[in-house]
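Listed below, chain by chain, are the residues.
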Amino acid sequence: MSSCGRTKRIRKRKLTRGYAISKSHEPCYVQLLKFTKHFGFQRTSHLRPAEFRDTGRGLMTLGVIQEGDLVVAIPEALLITTKTALQSPFIKGLIERCGPLTPVQVLCIFLIREKQLEERSRWFPYIDMLLLQYSTPAYFTDSEIAFLPMDIRWKSEELKFSILSSFNSLASVILEIAKLDQLYKTFTFTYDDYLWAWHVVNTRCVYMLQEKSPYLTNDVDHYALAPFLDLLNHSAAVKVEANFNVVTRCYEIRSLVNFPRYSQVFICYGPHDNGKLLLEYGFILPLNPHNAVIFQFDDITSVKQKFKIEVMDKKLRILHEKGLKDFHCSLEGCSWDLLKACEILSLDYDNLLIWKPHVEMISFKHKADQILQFLMENRLTSFLDIHSQLSRESLTDNEKMILQLYDQYITILKQNLKTLEANMQPA
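Here is what the cut-offs are and how they apply
- Residues numbered from 1 in each chain as written.
- Predicted model: local features only at pLDDT ≥ 70, side-chain atom pairs only at ≥ 80, totals over all residues.
- Heavy atoms only, no water.
- Helix = DSSP H or I, 4+ residues; strand = E, 2+ residues; numbered from the N terminus.
- Buried < 20%, exposed > 50% of the residue type's maximum accessible area, 1.4 Å probe, protein only.
- Contact = heavy atoms within 4.5 Å.
- Areas by Shrake-Rupley, 256 points an atom, 1.4 Å probe, with all protein chains shown as cover.
- Lys, Arg positive; Asp, Glu negative; His and termini not counted.
- Charge placed at Lys NZ, Arg CZ, Asp CG, Glu CD.
- Pairing = 2+ DSSP bridges.
- Axes fitted to C-alpha atoms, helices over the stretch in contact; angles between N-to-C directions.
- Patch = residues over 30% accessible without salt bridge, like charges linked within 9 Å, V, L, I, M, F, W, Y side chains within 5 Å.
- Salt bridge = Lys/Arg side-chain N within 4 Å of Asp/Glu carboxyl O.
- Polar contact = N/O pair within 3.5 Å; in protein donor to acceptor, adjacent residues only side chain to side chain.
- Parallel < 35°, antiparallel > 145°, perpendicular 65-115°, else oblique.
- Left-handed = near helix turned anticlockwise from the far one by under 90°.
- Core = buried A, V, L, I, M, F, W, Y, C linked by side-chain atoms within 4.5 Å.
- 1 Å grid on protein atoms, 1.4 Å probe; cavity = no way out; pocket = protein on both sides within 12 Å on 5 of 7 lines; lining within 4 Å.
- Points joined across faces, edges and corners; volume = space filled by probe spheres on them.
- Nonpolar A, V, L, I, M, F, W, Y, C, P; charged D, E, K, R; others polar.

What's the story with the overall build of the protein chain in this structure? I'm lost.
Check the secondary structure of the protein chain and you find 16 helices and 13 strands. Each of the three principal axes of the protein chain carries a C-alpha extent, and together these read 75 × 55 × 50 Å. Put simply, the protein chain has 427 residues, and 54% of those count as buried. In the protein chain, 72% of the contacts between residues at least 6 apart in sequence involve partners at least 24 apart. A total accessible area of about 21,000 Å² is found for the protein chain, and carbon and sulfur atoms account for 53% of it. Positive and negative charge centroids in the protein chain, built from 51 and 48 side chains respectively, lie 5 Å apart.

Here it is as structure tokens:
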């Protein structure tokens, strides 16, 4: 495995000089570009692999990219999909013995198999430059997990359980098949292997709907690994058009913004907050307009005793019936669902009976504001406590990332509290 894939990507990696360092000369990238040309890939926009001060490795343009320009076009033959994987006798033989697998399972086994083949794999130049480990919470230590905000921690545990379940459903079957077929006896299948492959699929695939196959379960198959294209990093500030062109038979990215010469070229994964980016991709953005502090139903029910909330069960039923569940605060303010939840909690029984979503209950606004203030102050106190625990010199890279996450959450809460206090009506 080359040095290109040895270290995980850290979004705040330091460079000793300059904004970016070209990586085009490194053997793994030279090998990758030769490999992609074999499939008919032609670079556009003069893209070159580089190491950037703020994002780690990415792609730099040697020329100006204007709005509407084609950034990259990956030939269909270069895309790794379940169709690609099912061309392997190893994969097809496995499914014939154990039954249909999910698209993700097929791609994971394919990647593990090709990785173990090393230079004997036609995909080796691509596999060789993939990261060996990721910086998502699935790779965090227990002590690092304990520092995460509760909503991210819960989602992380759910995700790890899902990955482990998927692995376990395969492991015993592969072990039994290996006893009967020489082809599978040398295949090593561990959880670490599967965790790695799962992250390659989850963090690097583009969305491309695939045809149904009798070898696959009914799970929606929309995965395609796109060598070279997946060197493009994410930015919330850019817009792109991404789709498979049925005429050119290429997966194409067109930029809807301009990129100056020698700048890093970005794509956008979607309007994800830093919690989602950390959980799914293993990084956060220093300035993310989609950032939000999330509140759970448990937070909503926690106000019952302090504010002597009447008919709490009925109020919670209303929240569920009206689909009010998006409880969050961002730099743009508090979500409509959170504001309405606080309003519902503030009402007495008689006014609850006549409550309507789009009619503000002015006479109860002060109490609703107090409930909202209590929720945000409680969360702020909790975040400040964890922040102080993380404010030490010897932090792991993951803990540094978590600390940055709390910095942004604390800023959001303080701003919303300041706005709320300035607008609160007297009782």
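There's more to say after this.
I'm lost on the sheet that holds strand 9 (residues 250-255) in this one. Help?
Two modes of strand pairing occur in sheets, parallel and antiparallel, and in both the strands are linked by backbone hydrogen bonds. Taken in spatial order, the 3 strands make up an open sheet running 4-9-8, and their pairing is antiparallel. Two strands in the sheet have a free side with no partner beyond their single neighbour: strand 4 (70-75) and strand 8 (240-245). Across the sheet, the mean angle separating the axes of adjacent strands is 15° when strand polarity is ignored. The sheet contact formed by strand 4 and strand 9 spans 5 bridges and is antiparallel. Within the sheet, the bridge partner assigned to Pro75 lies in strand 9 and is Cys250.

Even after reading the chapter, I still don't get the sheet that holds strand 1 (residues 20-22), so can you show me in this structure?
Taken in spatial order, the 5 strands of this open sheet run 1-2-3-10-7, and their pairing is mixed. The sheet terminates laterally at strand 1 and strand 7 (233-234), the two strands that pair on one side only. With 2 bridges connecting them, strand 3 (residues 56-61) and strand 10 (residues 264-267) associate as antiparallel partners. In the sheet register, Met60 faces strand 10, and the bridge partner there is Gln264.

Looking at this model, I keep getting lost on a nonpolar patch on the surface. Mind explaining?
Taken together, the side chains of Val311, Tyr349, Leu353 and Ile354 define a hydrophobic patch exposed on the protein surface, amounting to about 370 Å² of accessible area. Take Leu353: it is sitting in helix 14 (residues 349-353). Given the relative accessible area of 49%, Leu353 is considered partly exposed.

When you look at the side chain of Thr55 in this model, what are you seeing that I'm missing?
Take Thr55: it is sitting in the loop between strand 2 (47-52) and strand 3. On the basis of relative accessible area, Thr55 is assigned to the buried category, the value being 5%. At 3.3 Å, the side chain of Thr55 and the side chain of Asn233 are in polar contact. One polar contact links Thr55 to Gln264, side chain to side chain, over a distance of 3.1 Å.

Would you mind showing me how to read the side chain of Lys23 here?
Topologically, Lys23 is positioned in the loop between strand 1 and helix 1 (27-38). Apart from residues lying up to four places away in sequence, Lys23 is in contact with Tyr29, Pro49, Ala50 and Glu51.

Honestly, the packing of helix 7 (residues 150-180) against helix 9 (residues 191-204) in this entry has me stumped. Any pointers?
When two helices pack together, their arrangement is captured by the angle between the axes and the distance separating the axes. One way to put it is that helix 7 packs onto helix 9 with a least axis distance of 10 Å and a crossing angle of 120°. The angle between helix 7 and helix 9 places the two elements in the oblique class. Judged by the twist between their axes, the crossing of helix 7 over helix 9 is right-handed. Residues Leu159, Lys160, Ile163, Leu164, Ser166, Phe167 and Leu170 of helix 7 touch helix 9, and the partners they reach there are Tyr191, Tyr194, Leu195 and Trp198.

Could you clarify how one ought to interpret unusual backbone geometry in this entry?
Of note in this structure, Phe228 is not a glycine but carries a positive phi near 80°. With respect to the secondary-structure elements, Phe228 resides in the loop between strand 6 (223-225) and strand 7. On the basis of relative accessible area, Phe228 is assigned to the buried category, the value being 1%. At Tyr262, a position not held by glycine, the phi torsion is positive, near 70°. The topology assignment puts Tyr262 in the loop between strand 9 and strand 10.

How should the nonpolar core be read in this particular structure?
Side chains that are nonpolar tend, in soluble globular proteins, to be buried together. With 77 residues, the main nonpolar core has Val72, Ile109, Phe189, Trp196 and Leu229 as its most contacted residues. Looking at this core, the element that brings in the most residues is helix 4 (residues 103-117), giving 8 residues.

Sorry, what's going on with the layout of surface pockets here?
Empty space left among the atoms is revealed by rolling a probe the size of a water molecule over them. There is about 630 Å³ of room inside the largest pocket. Looking at the largest pocket, it is lined by 31 residues, and the ones nearest its centre are Thr203, Arg204, Cys205, Tyr269 and Tyr281. Where the lining of the largest pocket is concerned, the elements lending two or more residues are helix 9, strand 5 (205-207), strand 8, strand 9 and helix 10 (274-281). Grouping the amino acids of the lining of the largest pocket by side-chain chemistry returns 17 nonpolar, 7 polar and 7 charged.

Would you mind showing me how to read the environment of Leu319 here?
Tracing the sequence through the fold places Leu319 in helix 12 (residues 312-321). In this structure Leu319 comes out as buried when scored by relative accessible area, which is 0%. Residues Leu319 and Glu96, spaced 223 residues apart in sequence, show a C-alpha to C-alpha distance of 48 Å. Apart from residues no more than four positions distant in its own chain, Leu319 is found in contact with Phe297, Ile300, Leu324, Ala341 and Ile344.

Explain the pairing of strand 8 here, please?
It is a general feature of regular strands that their side chains alternate between the two faces of the sheet. Pairing between strand 8 and strand 9: 6 bridges, direction antiparallel. Counted as the bridge partner of Asn245 is Cys250 from strand 9. The loop that links strand 8 with its antiparallel partner strand 9 comprises 4 residues; one of these, Arg249, has a positive phi angle of about 60°.

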